[in-house]
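Remarks on the overall topology
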Amino acid sequence: MSVTDRLDDKSLFRTDSFIDGQWVSGEGGVDVLNPANNAVIATVGDVGEAGARKAVAAATRAFESWKKVSPFERARLLMNWYKLIHENAKDLATLITLEMGKVHKEAQGEVIYGASFIEWSAEEGKRVHGETLSTPFPSSRGWTIRQPIGVVGCITPWNFPNAMITRKCAPALAAGCTMVIKPAPETPLSALALAELARRAGIPDGVFNVVCGDAPAIGGVLTSSSDVRMVGFTGSTAVGKLLMKQAASTVKRVALELGGNAPFIVMDDADIEKAADGVIASKFRVSGQTCVSANRIIAQPAIADKLVAALEARISKLKAGDGFASDTDVGPLIHMTAVSRVDKLVSQAREQGARIVTGGKSLADELGGSFYAPTLIDGADPSLDVSCSEIFGPVCSVYRAESEADIIKLANDTPYGLAAYIYTNDVGRVHRLSEGIEYGMIGINAPMVGAASTPFGGVKESGIGREGGKWGVEEFTELKYVLLGGVEG
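Summarised in this report is the structure supplied together with it. All figures in this text were calculated on a predicted structure; none of them were measured in a lab.

What follows covers the overall build of the protein chain. Each helix and strand counted, the protein chain has 17 helices and 20 strands in total. With respect to the three principal axes, the spread of C-alpha positions in the protein chain is 75 × 60 × 40 Å. Out of the 489 residues belonging to the protein chain, those deemed buried represent 56%. Expressed as a percentage of contacts within the protein chain between residues at least 6 apart in sequence, the contacts between residues at least 24 apart total 73%. When the accessible surface of the protein chain is summed, it comes to about 18,900 Å², and 52% of that surface belongs to carbon and sulfur atoms.

Further remarks concern the sheet that holds strand β15 (residues 375–378). Spatial ordering of the open sheet is given by β14-β15-β16-β13-β12-β17-β18, a layout of seven strands whose pairing is mixed. Each edge of the open sheet carries a strand with a single partner, namely β14 (355–358) and β18 (441–444). Neighbour-to-neighbour, the strand axes of this sheet turn through a mean angle of 25°, independent of strand direction. Here four bridges tie strand β13 (residues 294–299) to strand β16 (residues 395–400), and the two strands are oriented parallel to one another. If you follow Ile297 over to β16, its bridge partner there is Val398. Each of β12 (262–266), β13, β16 and β17 (419–423) is contacted by helix α10 (residues 272–283), which is oriented at about 170° to β12, the strand it contacts most. Here helix α15 (residues 404–412) sits on the sheet and contacts β12, β13 and β16; the angle it forms with β13, its principal contact strand, is near 165°.

Residues of α15 that are buried: Ile407, Ile408, Leu410, Ala411 and Asn412. Tucked inside the fold, the buried residues of α15 contact β12, β13, β16 and α16 (427–436).

Our focus in this paragraph is empty space enclosed by the protein. This model, assessed by the stated rule, comprises five cavities of 30 Å³ or more. If you add up the space inside the largest cavity, you get close to 130 Å³. In this structure, the largest cavity is lined by 19 residues; those nearest its centre are Ala255, Ile464, Gly465, Arg466 and Glu467. Those elements that place two or more of their residues in the lining of the largest cavity are α6 (163–175), β10 (228–234) and β11 (253–257). Split into classes, the residues belonging to the lining of the largest cavity amount to eight nonpolar, five polar and six charged. Empty space within the second largest cavity amounts to approximately 80 Å³. In terms of lining, the second largest cavity is formed by Asn261, Arg296, Ile298, Pro382, Ser387, Cys388, Tyr399, Leu410 and Asp413. Residue classes in the lining of the second largest cavity are distributed as five nonpolar, two polar and two charged.

As a further point, take unusual backbone geometry. With a phi close to 55°, Ser287 is a non-glycine residue in the positive phi region. Within the fold, Ser287 resides in the loop between α10 and β13. Its identity is not glycine, yet Asn445 carries a phi of approximately 55°, on the positive side.

A word on the packing of aromatic side chains. In the structure shown here, the tally under the stated rule is six aromatic pairs. With a centroid separation of 4.8 Å and 55° between ring planes, the pair formed by Phe18 and Trp23 is classed as tilted. By way of ring pairs, the aromatic residues Phe264, Tyr421 and Tyr423 are connected into one cluster. The ring of Phe160 has Lys102 lying over it, and the distance from NZ or CZ to the ring centre is 3.8 Å. For Arg167, the ring lying beneath its charged end belongs to Phe456, and the centroid distance is 3.9 Å.

Generally speaking, nonpolar side chains in soluble globular proteins are found buried as a group. Ranked by size, the top nonpolar core spans 93 residues in total, and within it Trp81, Ile85, Leu173, Phe208, Val210 and Val386 carry the most contacts. In contact with Ile85, other than residues within four places in its own chain, are Leu92, Val111, Ala115, Ile118, Thr166, Leu194 and Leu197. Counting residues in each nonpolar core, the second largest holds 34 residues, with Ala299, Tyr421, Met441 and Phe456 among its members.

Since the α-helix turns once every 3.6 residues, residues separated by three or four places project in the same direction. The end-to-end C-alpha distance of helix α7 (residues 188–201) is 20 Å, a good match for the 20 Å that 14 residues give at a rise of 1.5 Å each. With 12 of 14 residues buried, α7 is to be regarded as a mostly interior element. Every buried residue of α7 is listed here: Pro188, Leu189, Ser190, Ala191, Leu192, Ala193, Leu194, Ala195, Glu196, Leu197, Ala198 and Ala201. Phi for Gly202, located one or two positions after α7, is positive at around 95°.

Taken as a whole and assessed by the stated rule, the structure comprises 25 salt bridges. Arg167 serves as the salt-bridge partner of Glu467, at 2.6 Å between the closest nitrogen and oxygen. In this pair, Glu467 is assigned in the loop between β19 (463–464) and α17 (469–474) and Arg167 in helix α6, connecting sequence segments 300 residues apart. Across the pair, Arg167 and Glu467 agree in class, each one buried.

Once that is clear, we can look at the sheet that holds strand β20 (residues 477–484). With antiparallel pairing, three strands are arranged side by side in an open sheet as β5-β6-β20. The open sheet has two free edges, formed respectively by β5 (132–133) and β20, since each of these has just one partner strand.

A word on the environment of Glu119. On the secondary structure map, Glu119 appears in helix α5 (residues 104–124). Leaving out residues up to four positions away in the same chain, Glu119 has contacts with Met79 and Tyr82.

What follows concerns the packing of α10 against helix α11 (residues 301–315). Each packed pair of helices is defined by two parameters, the angle between the axes and the distance between the axes. Their axes nearest at 9 Å, the elements α10 and α11 cross at an angle of 50°. Viewed along their axes, α10 and α11 adopt a mutual orientation that is oblique. Our pair here, α10 against α11, has a crossing hand that is right-handed. On α11, the residues touching Ile272, Glu273, Ala276, Asp277, Val279 and Ile280 of α10 are Ile303, Lys306, Leu307, Ala310, Leu311, Arg314 and Ile315. For the contact of α10 with α11, the class distribution of residues is nine nonpolar, no polar and four charged.

Turning our attention to the environment of Phe117. Within the secondary structure, Phe117 sits in helix α5. Contact partners of Phe117, with chain neighbours within four places excluded, come to Thr166, Arg167, Ala170, Ala451, Ala452 and Gly468.

Thresholds applied
Residues numbered from 1 in each chain as written. Predicted model: local features only at pLDDT ≥ 70, side-chain atom pairs only at ≥ 80, totals over all residues. Heavy atoms only, no water. Helix = DSSP H or I, 4+ residues; strand = E, 2+ residues; numbered from the N terminus. Buried < 20%, exposed > 50% of the residue type's maximum accessible area, 1.4 Å probe, protein only. Contact = heavy atoms within 4.5 Å. Areas by Shrake-Rupley, 256 points an atom, 1.4 Å probe, with all protein chains shown as cover. Pairing = 2+ DSSP bridges. Axes fitted to C-alpha atoms, helices over the stretch in contact; angles between N-to-C directions. 1 Å grid on protein atoms, 1.4 Å probe; cavity = no way out; pocket = protein on both sides within 12 Å on 5 of 7 lines; lining within 4 Å. Points joined across faces, edges and corners; volume = space filled by probe spheres on them. Nonpolar A, V, L, I, M, F, W, Y, C, P; charged D, E, K, R; others polar. Phe/Tyr/Trp six-rings, centres within 6.5 Å; stacked < 30°, edge-to-face > 60°. Lys NZ or Arg CZ within 6 Å of the ring centre and 35° of its normal. Core = buried A, V, L, I, M, F, W, Y, C linked by side-chain atoms within 4.5 Å. Expected span 1.5 Å × (residues − 1). Salt bridge = Lys/Arg side-chain N within 4 Å of Asp/Glu carboxyl O. Parallel < 35°, antiparallel > 145°, perpendicular 65-115°, else oblique. Left-handed = near helix turned anticlockwise from the far one by under 90°.

Shape descriptors only; they carry no functional weight alone.
Here it is in structure tokens:
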């Protein structure tokens, strides 16, 4: 079945870039593959450096008028966009499943989650304001103003091809910024569908641009252009460091949401069944391909074996398959390179004496796509790559640590610091552990941490800045101080 057969609204399916309100064809093309069967579902043109420069120029022109639009009018247009996304949620979810393999019910959840940032930002944009300040100078008054930073380059990943765009663009647009979006080459269709809906919503030409094609060429324009005042990126830490270095040439702001290696801590007073359910929810959604996935399960020895048994019972029942099948729990990985990488990590652990409790093999030949079996490892050495790397696959490992000090040390033994999870019923432990571990987001007896109203982001090499809540909108503003002298009392 072709991609257009999957969609009720054929006009949502585009293969051109969207620049200055127009659909622009590129040279050659990049094939978009369905990872469930490796079939080509679309070929998207490459607009390259020239297209990126055209988009930046359009966004620069549009900024001069967009920044002057009332926050209430910007909110109205954003809510138009929000409503259209909800009306087309089924088709948008279908695109996600087709181009990155996500189980369709999870894809629908992503669309609704992504739209929530538009709704929140539309309202929060009305509340961007300054403060009146005390000054040490007689007969003077001081105040601050928050103003939009300008043109923003947005580089997004393939694992949340819809929500990672709305999570960045909604607060930026609400603050008065204009956007140039570079989606991942594996998943451009979701970005182009969002552009079409933004056009229908009445968002002016040049405010929302999507450029597809060569990542180094387009990324180089976004980081080097003096007209682009900020770059937002979600992806690997290695690429984030490169973009940060490139952006230094024009001293532009960067907002980076990078890699993670989340610990999932289970204390001996925790409800083991609830903790096991939490691991499944955190680790195996999107086939483990999220930056906040639980990678390392750290358990106190007294309950570790019981936890392993509870996890084995659950993981062994997870069914891998096409995301459109109603009984599928875990979809494919993004491509066969990802399957090979995950299999290498598991094989190394096996060779070094770790026990593969369940799974531990590629299902690519069996299922005909980029599939890997949901896997549980016990007894891996914490120094192995499966412990130190961001796995980005349906694999988790159980480790044992007795004291709170050892648990904190093991949890922090990584350059990453994005998300962590703690299961305990002791309030004292909640405070000691959450203050001791070095992570930007911590879920206590909760397997998921993100929402439109809360700050999302990490510490250490997991990034800079926050998305969500009032903090997400403030990221896209400049703070200006004004001192007025000569005011007679």
